[in-house]
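Listed below are the residues making up each chain.
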Amino acid sequence: MSEQLKFVVQELAKEPFNKKYNLISFDSLEQIQLLQVLNDVLAVVDPKQQIDIREESSDQTAIRIFHMLRVLKYKPPTEHNDMEERMALRSAFRSGIVQGDKFVIYPILEWLFRRIPELKKRAYLAHFLFKIDVPAEIMQEDQIPELYSQYEELMEQFKDLHKQSDNLKNSGYNTAEIRKDISNMEDEKEQLNKRIERLKRKVESHPNSQTMMNVARNLRMERDREKKLAEQRQEQSTLIQHEEQKIRRLQQQLHDTRQAGVGATPQSLLQRLEEETRTNKYIVTERLPKDLLARKKTLQDLQKVVAEPAMGQSDLDRLLGQIQELNSEINQLIEKRMRTGDPTDDKSSLFKQQAAIIAHKKEAAVTMYREIREDYSRCMQEMDQKREVVKESGGGEVLKGEDFKRYVNKLRSKSTIYKKKRQEIAELRAEYGVLSRTEEILRNRDENINQQLELVENKKGVAGYRQTQDELEKVSSVKSGLDDRKGKTLEDISDMVQRLTRRIAEKKTALAPIIKELRPMRQKSQELTGRHEEKKQAYDTAAAGLESNMSKLEQEVRAYREEVTQDEGRYHYLNCMINMLEIQQQKVAEEMKAYTSADPYARKKTFRDIFQRKIQEQENLGKGLREQQKSVRESQVPSMRQMKMWKDVQRLMECKQRCFDQTGGFAGSAGVGYGEAPPAMLEEDRLVM
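Residues numbered from 1 in each chain as written. Predicted model: local features only at pLDDT ≥ 70, side-chain atom pairs only at ≥ 80, totals over all residues. Heavy atoms only, no water.

Engineer: In this structure, what is going on with the overall build of the protein chain? I would like to understand it.
Structural biologist: Looking only at helices and strands, the protein chain has 19 helices and zero strands in total. Evaluated residue by residue, the protein chain yields a buried proportion of 11% over its 689 residues. Expressed as a percentage of contacts within the protein chain between residues at least 6 apart in sequence, the contacts between residues at least 24 apart total 57%. Working note: accessible area of the protein chain is about 58,800 Å², and carbon and sulfur atoms make up 56% of it. (Helix = DSSP H or I, 4+ residues; strand = E, 2+ residues; numbered from the N terminus. Buried < 20%, exposed > 50% of the residue type's maximum accessible area, 1.4 Å probe, protein only. Contact = heavy atoms within 4.5 Å. Areas by Shrake-Rupley, 256 points an atom, 1.4 Å probe, with all protein chains shown as cover.)

Written as structure tokens, this is what we have:
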């Protein structure tokens, strides 16, 4: 308790409370002052709670605080397992808030101080997300359900927008940085506008400015069009890829269907369709409804869990205890049933077991069927991906079924052709060996003949005659070829020289007048180029000076405009203040006139008399309320005792009524015969306990 009190006093000394309490002064606060402190803390969480509790009744204050604590999801300490003790603690909690009991207020203050940022957000959201309880008789009207549905839709929209706002706030954006970026972009925009104006003036001074602008506009339009066409081309290529994938998938389905139809008979197809129909019918009629019911039940349980307020450890322990009690009762009932039931008498138990086994097998088969389907679809997707990878890497498609058979037949035909060609190559190689051997024999014979001719030439004294004759024949043939080439080359060169001389003469005659005109133009161009350079330098210097002066003038104009706007704002502010002071002065004059007037009716209308009457009324009202509070406090203990006695009487009467109903009326009453009336009916003027 001391640590709790110390923590509360420390938090009250901080902003925005600034309460200079110590442990003794805070512990000695009166009840109404302690309630005011609690109300001030709640006002920090929710500004709408800012009120002086002396201006409202204690009932209204208690109701308002109860509602606020319920919105903030404050759970009072009710950790007892007994229902009566929990009810007593809750009633004590309510009465403690009404009376301002410090043993009730201190835990609330500690809980609030430890969670103020979280509670601020919850209080803000509660204004928009706390649903209004509409009575059932009002909901039956025509437009009320539609309005209520719109109200719920707007609430959901608010949730989404608030989540987006939190995400944006937590995303790291800073308003100061954004404003700085905006100001920088505005400055850049002004500079760009200035540059654009300067460029416009430069372009307008050009003689062909309009033509150049049209050409630039057309170029920009064509580039935009080219960009759009590239995007459209990309989209079309993407669509073509999707369509090709779709075509391949359909072709694969068609191929699979054809493969499945190979060797199939109408009876087998019908049998397969009947099996698939029975399987799908079982899934749709039995399995899917069970799954839907299980999902709906899970969803309802989750919705109930979400709708429940936050649970503490005590609530969880209590629920676990209830679950254990229920499980023990279920086990006892099962054991009792097993003891009382005779398995020999129950003839349908065997059939029930068989039906349960069959149902279990069906569910297992359906589960296996689903898993096989999922594996099949996954394998098909993997196969499509592998095909895409093979296609991208440059490989061909993987063949299956009839395509593979055709490919095998094609390979067989090619293998036969390959064998024939191989045999032909072997024959050609054998013939090549024979021919090479024949060539070698002929070369040997040629060498022998040449040797014999050399011997004959040596004998006759003309050694080397044959070689010399062969060389001379070769040289003469080469010389004749070179002479022909030289003749042709000289003729071509002479023709080319004549053509070139004619063309040069023609060009000279055509260019002579143009050269005469060009000479003075060259001199004039040189003079104009020099003047242009001088003028350009002068223009650049003048433009730089004007731009610097213009920037200075613009800064001065901007500063003067800011001063003017500030002076105008100050003028309007002072003018409004003067008007307000004149109105207040007029009210004061009217009040003084009415107060000093001799007319009693006029004096009654003065604010002083009105406020004095209201103060007197409020003091009388407060005195009556304090007396009423005193009487309520004095009568609280006997009233609570009397209420408890009446509750005990009510419980006793309910117990007697249950006993009366269970014993079957008059016949089961103790000490009363079948023809006699009970004492409660014989003595009608007394209540028999």
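Engineer: Looking at this structure, how should I read the nonpolar core?
Structural biologist: Side chains of a nonpolar character, in soluble globular proteins, are inclined to be buried together. The biggest cluster of nonpolar side chains holds 34 residues, and the ones touching the most others in it are F26, L72, I108, L109, L112 and F113. Looking at this core, the elements with two or more residues in it are α1 (2–12), α3 (31–45), α4 (58–71), α5 (83–99), α6 (102–113) and α7 (116–129). With eight residues, α6 is the largest single contributor of residues to this core. Residue contacts for I108: discarding those within four places in its chain leaves L38, L69, Y74, F93 and I97. (Core = buried A, V, L, I, M, F, W, Y, C linked by side-chain atoms within 4.5 Å.)

Engineer: Explanation requested: α1 in the structure shown.
Structural biologist: Quick reminder: α-helices carry 3.6 residues per turn. Residues three or four places apart thus point the same way. Among the residues making up α1, those that are buried are Q4, L5, F7, V8, V9, E11 and L12. Residues of α1 that are buried make contact with α2 (23–27), α3 and α6.

Engineer: Help me understand the pattern of salt bridges in this model?
Structural biologist: Pairing is possible between side chains that carry opposite charge, provided their charged atoms lie close to one another. The tally for this structure, following the rule as stated, stands at twelve salt bridges. Here R64 ties to E56 by a salt bridge, and the two come within 2.6 Å at their closest N and O atoms. Close ionic contact of D375 with R378 constitutes a salt bridge, the shortest N to O distance being 2.4 Å. Placement of both D375 and R378 in helix α14 (residues 349–392) is noted, with a separation of three residues, approximately one turn of the helix. Overall, the relative accessible area of 34% leaves D375 in the partly exposed class. Judged by relative accessible area, R378 falls into the partly exposed class, the value being 40%. (Salt bridge = Lys/Arg side-chain N within 4 Å of Asp/Glu carboxyl O.)

Engineer: It is not clear to me how unusual backbone geometry should be interpreted in this structure. Could you clarify?
Structural biologist: Of all residues except glycine, most have a negative phi; of all peptide bonds, most are trans. Positive phi values are uncommon outside glycine, yet K73 reaches one of about 65°. Note that K73 resides in the loop between α4 and α5. Given the relative accessible area of 43%, K73 is considered partly exposed.

Engineer: How should α3 be read in this particular structure?
Structural biologist: Given a rise of 1.5 Å per residue, 15 residues ought to cover 21 Å, and the 21 Å separating the end C-alpha atoms of α3 matches this to within 8%. Here α3 lies mainly inside the structure; eleven of its 15 residues are buried. (Expected span 1.5 Å × (residues − 1).)

Engineer: Before we go on, may I ask you to explain the packing of aromatic side chains in this structure?
Structural biologist: What characterises a pair of aromatic rings is the spacing of the ring centres plus the angle enclosed by the ring planes. Counted by the stated rule, this structure contains five aromatic pairs. Ring centres of Y74 and W111 lie 5.0 Å apart, and the angle between their planes is 65°; on these two criteria the pair is classed as edge-to-face. Linking Y74 in the loop between α4 and α5 with W111 in helix α6, this pair joins segments that are 37 residues apart in sequence. Relative accessible area serves as the criterion here: at 15%, W111 is assigned to the buried category. Among the aromatic residues, ring-to-ring pairing joins Y21, F26 and Y106 into one connected group. One Lys or Arg, R114, reaches over the ring of F7 and ends 4.1 Å from the middle of that ring. (Phe/Tyr/Trp six-rings, centres within 6.5 Å; stacked < 30°, edge-to-face > 60°. Lys NZ or Arg CZ within 6 Å of the ring centre and 35° of its normal.)

Engineer: What should I look at first to understand the state of the cysteines in this one?
Structural biologist: Here is the idea: a disulfide is a covalent bond, and it sits between the sulfur atoms of two cysteines. As enumerated under the stated definition, the model contains zero disulfides in all. Between C655, a cysteine without a disulfide, and C659, which holds the nearest cysteine sulfur, the sulfur-to-sulfur distance is 4.2 Å. Accessibility expressed as a relative area gives 34% for C655, which makes it partly exposed. (Disulfide = S-S within 2.5 Å.)

Engineer: Explain the side chain of E56 to me, please; I cannot follow it from the model alone.
Structural biologist: For E56, the location among the structural elements is in the loop between α3 and α4. E56 sits in the buried class, given a relative accessible area of 15%. Among the polar contacts listed, one links the side chain of E56 to the side chain of T61, at a separation of 2.8 Å. When residues no more than four places from it in sequence are discounted, the contact partners of E56 are I51, T61 and R64. (Polar contact = N/O pair within 3.5 Å; in protein donor to acceptor, adjacent residues only side chain to side chain.)

Engineer: For this particular structure, what's the right way to read the confidence of the model for the protein chain?
Structural biologist: Per-residue confidence for the protein chain gives a mean pLDDT of 78; residues scoring 70 or more make up 86%. In the model of the protein chain, helix α19 (residues 679–682) stands out as the element of lowest mean pLDDT, 42, in contrast to helix α18 (residues 607–662), which has the highest, 89. Scored below 50 in pLDDT, residues 666–689 shows 19 contacts in the model against residues more than four places distant or in partner chains. (pLDDT = per-residue confidence, 0-100.)

Engineer: What's the story with the packing of α1 against α6 in this structure? I'm lost.
Structural biologist: Angle between the axes and distance between the axes: these two values describe a pair of packed helices. At a closest axis distance of 9 Å, the pairing of α1 and α6 adopts a crossing angle of 55°. Classified by the angle their axes make, α1 and α6 are oblique. Between α1 and α6 the crossing geometry is left-handed. Of the residues in α6, those touching α1 at Q4, L5, F7, V8, E11 and L12 are Y106, P107, L109, E110 and F113. Looking at the contact of α1 with α6 residue by residue, the classes come out as eight nonpolar, one polar and two charged. (Axes fitted to C-alpha atoms, helices over the stretch in contact; angles between N-to-C directions. Parallel < 35°, antiparallel > 145°, perpendicular 65-115°, else oblique. Left-handed = near helix turned anticlockwise from the far one by under 90°. Nonpolar A, V, L, I, M, F, W, Y, C, P; charged D, E, K, R; others polar.)

Engineer: When you look at a negative patch on the surface in this model, what are you seeing that I'm missing?
Structural biologist: There is a patch of like negative charges on the surface, built from E562, E563, D567 and E568. For D567, the position within the fold is in helix α16 (residues 465–596). Note on D567: relative accessible area 52%, which makes it exposed. (Patch = residues over 30% accessible without salt bridge, like charges linked within 9 Å, V, L, I, M, F, W, Y side chains within 5 Å. Lys, Arg positive; Asp, Glu negative; His and termini not counted. Charge placed at Lys NZ, Arg CZ, Asp CG, Glu CD.)

Engineer: Just to check I follow, could you spell out a nonpolar patch on the surface for this structure?
Structural biologist: Among the surface-exposed residues, Y573, L574, M577, I578 and M580 lie close enough to one another that they form a single nonpolar patch of about 470 Å² accessible area. Looking at the element boundaries, M577 is found in helix α16. M577 gets classed as partly exposed once you look at its relative accessible area, which sits at 32%.

Engineer: I keep staring at the packing of α3 against α4 and nothing clicks. Help me out?
Structural biologist: Axis separation between α3 and α4 bottoms out at 12 Å; the angle between their running directions is 45°. Taken together, the axis directions place α3 and α4 in an arrangement best described as oblique. Relative to α4, α3 is oriented so that their crossing is left-handed. Note on element contacts: α4 touches α3 through R64, I65 and M68, opposite L35, L38, N39, L42 and V45. When the residues that make up the contact of α3 with α4 are grouped by side-chain class, the tally is six nonpolar, one polar and one charged.

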